[in-house]
Amino acid sequence: MPRIDFYTKVADPQAFACRLAQTVFRKGERLLVWLADEGQLAGFSARLWSIADTQFVPHCRLDADEAPETPIWLTTRLPAELQHAVLLNLGPSLPEHPEHFGRILEIVGCDEASLATARERFRFYRSAAYEIEHHDMSHL
């Protein structure tokens with residue numbers, strides 16, 4: 001059963017997502033980043049490559065030849081059979097099989113649309129009896 005981490009009141013969700021991916025990588029965990037479409041995937045990949053001049057966050061597309069050796073995978077679709085340690089959900093909805101992940105990371109911006117989406121996702125996770133952690137990021 002996955003643990004769900006909600007990071008709320010995030011001023012810049014894309015920048016925070018990159019830092020979160022970097023943190024997961026530094027902890028030695030494998031991360032799957034689910035994005036809404038190809039444009040978001042390309043943009044997020046570019047941001048990961050340019051976090052800082054001296055930092056490296058290795059990543060590739062889920063379907064790339066080098067994926068088995070790469071700790072961070074980017075995708076626009078979640079295969080039904082995939083089991084993975086950590087999912088960073090930047091996708092358009094809830095994962096169809098949340099039980100396939102050890103942890104799911106949800107980033108919530110400050111705008112009303114983000115808050116409304118987060119409330120729906122929170123209700124779903126709570127009704128499924130998943131462990132939920134809340135992290136207030138308003139201090140960043």
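Refer to the structure presented above.
Now for a description of the structure that goes with this document. On a predicted model such as this, the values are computed, not experimentally measured, just so you know. (Residues numbered from 1 in each chain as written. Predicted model: local features only at pLDDT ≥ 70, side-chain atom pairs only at ≥ 80, totals over all residues. Heavy atoms only, no water.)

### Quick look at helix H2 (residues 38–49)
Its twelve residues give H2 an end-to-end C-alpha distance of 17 Å, which sits within 8% of 16 Å, the value for a rise of 1.5 Å per residue. The N-capping residue of H2, defined by a side-chain oxygen 3.1 Å from the backbone nitrogen of Gly39, is Asp37. (Helix = DSSP H or I, 4+ residues; strand = E, 2+ residues; numbered from the N terminus. Expected span 1.5 Å × (residues − 1). Polar contact = N/O pair within 3.5 Å; in protein donor to acceptor, adjacent residues only side chain to side chain.)

### Looking at the sheet that holds strand S7 (residues 131–136)
In spatial order, the strands read S3-S4-S2-S5-S6-S1-S7; together these seven strands make up an open sheet with parallel pairing. Of all strands in the sheet, those with a lone pairing partner are strand S3 (59–61) and S7, marking the two edges. Neighbour to neighbour, the strand axes of the sheet diverge by 20° on average, direction disregarded. Two elements, strand S2 (residues 31–35) and strand S5 (residues 84–90), share five bridges in a ladder whose sense is parallel. Paired with Trp34 across the strands is Asn89, a residue of S5. Lying on the sheet, helix H1 (residues 13–26) is in contact with strand S1 (3–10), S2, strand S4 (72–75), S5 and strand S6 (101–109); it crosses S6 at an angle near 155°. The sheet contacts of helix H3 (residues 112–127) involve S1, S5, S6 and S7, and relative to S6 the element is tilted by about 155°. (Pairing = 2+ DSSP bridges. Axes fitted to C-alpha atoms, helices over the stretch in contact; angles between N-to-C directions. Contact = heavy atoms within 4.5 Å.)

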